[in-house]
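The residues making up each chain are set out below.
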Amino acid sequence: MDIAYSPCPNDTFVFDAWAHGRVPGAPPLDVTFADIDVTNGMAERGEGTVLKVSYAVLPWVLDEYALLPCGGALGRGCGPLVLTRDSADGAGGGTARPEGLAGRTVAVPSERSTAYLLFRLWAADRVPGGVGEVVVMPFHEIMPAVRDGAVDAGLVIHEARFTYRDYGLVKLADMGEHWEETTGLPIPLGAIVAKRSLGVETLRRLADAARASVRMAWDDPEASRPYVREHAQEMDPSVADRHIGLYVNEFTADLGPDGYAAVRGLLTRAAAEGLVPPIAPGALDFPATA
């Protein structure tokens, strides 16, 4: 079974047991590591059988892919951040307040990412007149670009929550805080989707395997450590552990009512703002019809 997910610690932690054949009865995996912008594009083109994608891309792919109820990333206190060079006293160009972003250049990891969708909803509330140019770049290039003045601000995800101060940057706003304050719901970030053409029974089998892999990782965290370290590149092990602790939680094992409400809430609100196409009734339900 081919699958594509990121080399980030939360994904390698979640899928370690399955990828290494330790989940009884689970189909063997042929893993491709790819940035979320790449997997979003794969889903839109119908490439790949099982993919980790942004929730924001679902309105474009739900005809062909079913949302699995586990394996993804939702949570509280884990939202994307908007970073600038400015200090609280406003030195460095005047972007230390949300209104200071009006007309400014902002780097984002993907225009199809959930981070960008949350940013657009936040900016509609907090940046009169809207931001200026939006520049898409790989997420690991965003903080250096802000630090070096190539862009005025950057929207960051993943472990950047823990490392942005190392670049001399400051947090302008937390997209997750804004989402939670305005909705009371957890923050939907990354989803696991699989081709509907696999059929209901196979989709259920995949969901069972993903859930079992998560629980096995929790039961024996040390077993996944070599896989996590292998693909985390130069990331400090303590940062990797914090990354896993933040993004792998009860919603990873099962979306549950609050998780589904968060996903529906995000996509419904975004559709009302004209940011994404509306989704059909029942399109998020699992098991989906083949």
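Note that this is a predicted model, so its numbers are computed, not measured.

Applying the stated criterion to the full structure yields six aromatic pairs. Stacked on the ring of Trp60, the Lys or Arg Arg112 has its end atom at 3.7 Å from the ring centre.

Turning our attention to helix H8 (residues 200-219). The end-to-end C-alpha distance of H8 is 29 Å, a good match for the 28 Å that 20 residues give at a rise of 1.5 Å each. Listed as buried for H8 are Leu203, Leu206, Ala207, Ala209, Ala210, Arg211, Ser213, Val214 and Ala217.

Moving on to the confidence of the model for the protein. Looking at the protein, the pLDDT average stands at 91 and 95% of residues meet or exceed 70. Confidence, read as mean pLDDT per element, is least for helix H6 (residues 160-163) in the protein (82) and greatest for strand E1 (residues 2-5) (98). Scored below 50 in pLDDT, residues 88-92 shows four contacts in the model against residues more than four places distant or in partner chains.

Under the criterion given, the structure shown has two cavities of 30 Å³ or more. Looking at the largest cavity, its volume works out to about 280 Å³. As for the largest cavity, its lining consists of 21 residues, and the residues nearest its centre are Ile36, Ile157, His158, Leu189 and Gly190. Every element with two or more residues in the lining of the largest cavity is listed here: helix H1 (9-19), helix H2 (36-45), strand E3 (50-54), helix H4 (114-126) and strand E11 (187-195). Here the lining of the largest cavity is built from residues that sort into ten nonpolar, nine polar and two charged. In this structure, the second largest cavity occupies an estimated 30 Å³ of space. As for the second largest cavity, its lining consists of Leu118, Leu121, Trp122, Met175, His178, Trp179 and Arg269. Among the secondary structure elements, those contributing two or more residues to the lining of the second largest cavity are H4 and helix H7 (175-183). Per-class residue counts for the lining of the second largest cavity are five nonpolar, one polar and one charged.

Cut-off values and rules
Sequence order as written defines residue numbering, which begins from 1 separately in each chain. Local features in this predicted model are restricted to residues of pLDDT 70 or higher, and side-chain atom pairs are both shown and tallied only at a pLDDT of 80 or more, whereas totals for entire chains, interfaces and linings draw on every residue. Computation of side-chain values: all heavy atoms of the structure, hydrogens and water removed. Stacked, tilted and edge-to-face are the three classes applied to pairs of Phe, Tyr and Trp rings, where Trp contributes its six-membered ring and a pair requires centres within 6.5 Å; stacked means planes under 30 degrees apart, edge-to-face means over 60, and tilted covers the rest. Distance and angle both matter: a charge sits over a ring if NZ of Lys or CZ of Arg is within 6 Å of the ring centre and within 35 degrees of the ring normal. Comment: elements are numbered from the N terminus, with helices defined as DSSP H or I runs of at least four residues and strands as E runs of at least two. Multiplying one less than the number of residues by 1.5 Å gives the expected span of a helix. Burial classes follow relative accessibility: with a 1.4 Å probe on protein chains only, a residue under 20% of its type's maximum area counts as buried, one over 50% as exposed, and anything between as partly exposed. Every residue carries a pLDDT, the predictor's confidence in it, which falls somewhere between 0 and 100. Between two residues, a contact is recorded if the distance between any of their heavy atoms is within 4.5 Å. The method works on a 1 Å grid over the protein atoms by themselves. A cavity is a set of points holding a 1.4 Å probe that cannot get out, a pocket is an open set with protein on both sides within 12 Å along at least five of seven lines, and residues with an atom within 4 Å of a point line them. Grid points are joined across faces, edges and corners, and a volume is the space filled by probe spheres set on the points. Classification used: nonpolar for Ala, Val, Leu, Ile, Met, Phe, Trp, Tyr, Cys and Pro, charged for Asp, Glu, Lys and Arg, polar for all others including Gly.

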